[in-house]
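What follows is the residue order along each chain.
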Amino acid sequence: MRPNCATERIRSTTVIMVRRDGNVAMAADGQVTLGETVIKHSARKVRRLGGGTVITGFAGATADAFTLLSKFETKLGEFQGQLERAAFELGKEWRTDKYLRNLEALMIVADKSDSFLISGKGDVISSDDGLLSVGSGSMYALSAARALMKHTELSARRIAEESMRIAREICIYTNNEIVVEEL
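The structure displayed is predicted, hence computed values, not measured ones. (Residues numbered from 1 in each chain as written. Predicted model: local features only at pLDDT ≥ 70, side-chain atom pairs only at ≥ 80, totals over all residues. Heavy atoms only, no water.)

### A few points about the nonpolar core
With 21 residues, the main nonpolar core has Phe72, Leu76, Leu83, Ala87, Met107, Val109 and Ile118 as its most contacted residues. Elements that contribute at least two residues to this core include exactly strand S7 (54–60), helix H1 (62–78), helix H2 (83–96), strand S8 (105–110) and strand S9 (115–118). Discounting residues that sit within four places of it in the chain, Leu83 has contacts with Val54, Phe72, Leu76, Val109, Ala110, Asp111, Asp114, Ser115 and Phe116. (Core = buried A, V, L, I, M, F, W, Y, C linked by side-chain atoms within 4.5 Å. Buried < 20%, exposed > 50% of the residue type's maximum accessible area, 1.4 Å probe, protein only. Helix = DSSP H or I, 4+ residues; strand = E, 2+ residues; numbered from the N terminus. Contact = heavy atoms within 4.5 Å.)

### Observations regarding the packing of aromatic side chains
With the rule as written, the count across this model stands at two aromatic pairs. Taking the centre distance of 6.0 Å and the plane angle of 65° together, the rings of Phe88 and Phe116 count as edge-to-face. Of this pair, Phe88 sits in helix H2 while Phe116 sits in strand S9, and the two are 28 residues apart along the sequence. (Phe/Tyr/Trp six-rings, centres within 6.5 Å; stacked < 30°, edge-to-face > 60°.)

### Points about unusual backbone geometry
Of note, Asp21 is a non-glycine position whose phi angle comes to about 55°, a positive value. When you line up the elements, Asp21 lands in the loop between strand S2 (14–20) and strand S3 (23–28). Asp21 gets classed as exposed once you look at its relative accessible area, which sits at 68%. Even without being a glycine, Gln80 presents a positive backbone phi close to 50°.

### Description of the pattern of salt bridges
Tallying each qualifying case throughout the model produces twelve salt bridges. The partner of Glu181 in a salt bridge is Arg44, with the nearest N and O atoms 2.3 Å apart. In this pair, Glu181 is assigned in strand S12 (residues 179–182) and Arg44 in the loop between strand S5 (37–40) and strand S6 (46–49), connecting sequence segments 137 residues apart. A residue is classified by how much of its surface remains accessible, and Glu181, at 12% relative accessible area, is buried. With relative accessibility at 37%, the residue Arg44 sits in the partly exposed group. Salt bridges linked by common partners bring Arg44, Arg48 and Glu181 together as one network. (Salt bridge = Lys/Arg side-chain N within 4 Å of Asp/Glu carboxyl O.)

### Describing the confidence of the model for the protein chain
With 94% of its residues at a pLDDT of 70 or more, the protein chain shows a mean pLDDT of 89. Mean pLDDT values for the elements of the protein chain range from 48 in strand S1 (residues 10–11) up to 98 in S3. A low-confidence stretch, residues 1–10 stays under pLDDT 50, and its non-local contacts, those more than four residues away or across chains, total 18 contacts. (pLDDT = per-residue confidence, 0-100.)

### Considerations on the packing of helix H3 (residues 138–151) against helix H4 (residues 156–170)
One can describe the packing of H3 onto H4 by two numbers: an axis separation of 8 Å at closest approach and a directional angle of 140°. In terms of orientation, H3 lies oblique with respect to H4. Viewed along their axes, H3 and H4 form a crossing whose handedness is right-handed. On the side of H3, the interface is formed by Tyr140, Ala141, Ala144, Ala145, Leu148 and Met149, while H4 contributes Ile159, Glu162, Ser163, Ile166, Ala167 and Ile170. Looking at the contact of H3 with H4 residue by residue, the classes come out as ten nonpolar, one polar and one charged. (Axes fitted to C-alpha atoms, helices over the stretch in contact; angles between N-to-C directions. Parallel < 35°, antiparallel > 145°, perpendicular 65-115°, else oblique. Left-handed = near helix turned anticlockwise from the far one by under 90°. Nonpolar A, V, L, I, M, F, W, Y, C, P; charged D, E, K, R; others polar.)

### Some remarks on the pairing of S9
Burial along S9 is two-sided: the residues Ser115 and Leu117 and Phe116 and Ile118 are all buried. In this sheet, S9 lies alongside S8 in antiparallel orientation, the contact comprising four bridges. Across the sheet, residue Met107 finds its bridge partner in S9, namely Ile118. Counting the residues that bridge the hairpin from S8 to S9 gives four residues. With three bridges connecting them, S9 and strand S10 (residues 124–126) associate as antiparallel partners. (Pairing = 2+ DSSP bridges.)

### Considering the sheet that holds S3
Taken together, the four strands give an open sheet; going across it, the order is S11-S2-S3-S12, and neighbouring strands pair in antiparallel fashion. Two strands close off the open sheet at either side, each with one partner strand: strand S11 (131–135) and S12. Ignoring strand direction, the axes of neighbouring strands in this sheet form an average angle of 10°. For S3 and S12, the ladder comprises four bridges, and the chain directions are antiparallel.

Laid out in structure tokens, this is it:
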């Protein structure tokens, strides 16, 4: 038996972060789904924090993602904009706090020098190749970005945009309403 709309979770997205030649770009689609239904086309899943010096993208249950976004912004302020310290402290709190531990979302955070994927299991993962991705279409976008990094001279922004275009052609939970933030 299929659950009704009241019990289904809002989720599914694609977010990709690309670091190249001293530039950082993060892109996300705008689609929000409830079960098998698209309920919004233009959600903004990439945001600037820390006075514009940090970009973050999120995937997962919408309310959970916004809770974590708020928590991360607080940590960023608490540690005077130190991205790495804020990321590790959020990861630690997310893993150990009884309430936060149940949130279903993933985040990518980046500034000019560092970038991390933060999960609810307490993982704080940096990238070996300047790429991070989360969401239902993340592996499509990541694969496309790796190929573009290896075989083109495109900018970080263009790689992020093209990766999202490729992901949306494959992943039914990724649409063409792409938002890009750049540092």
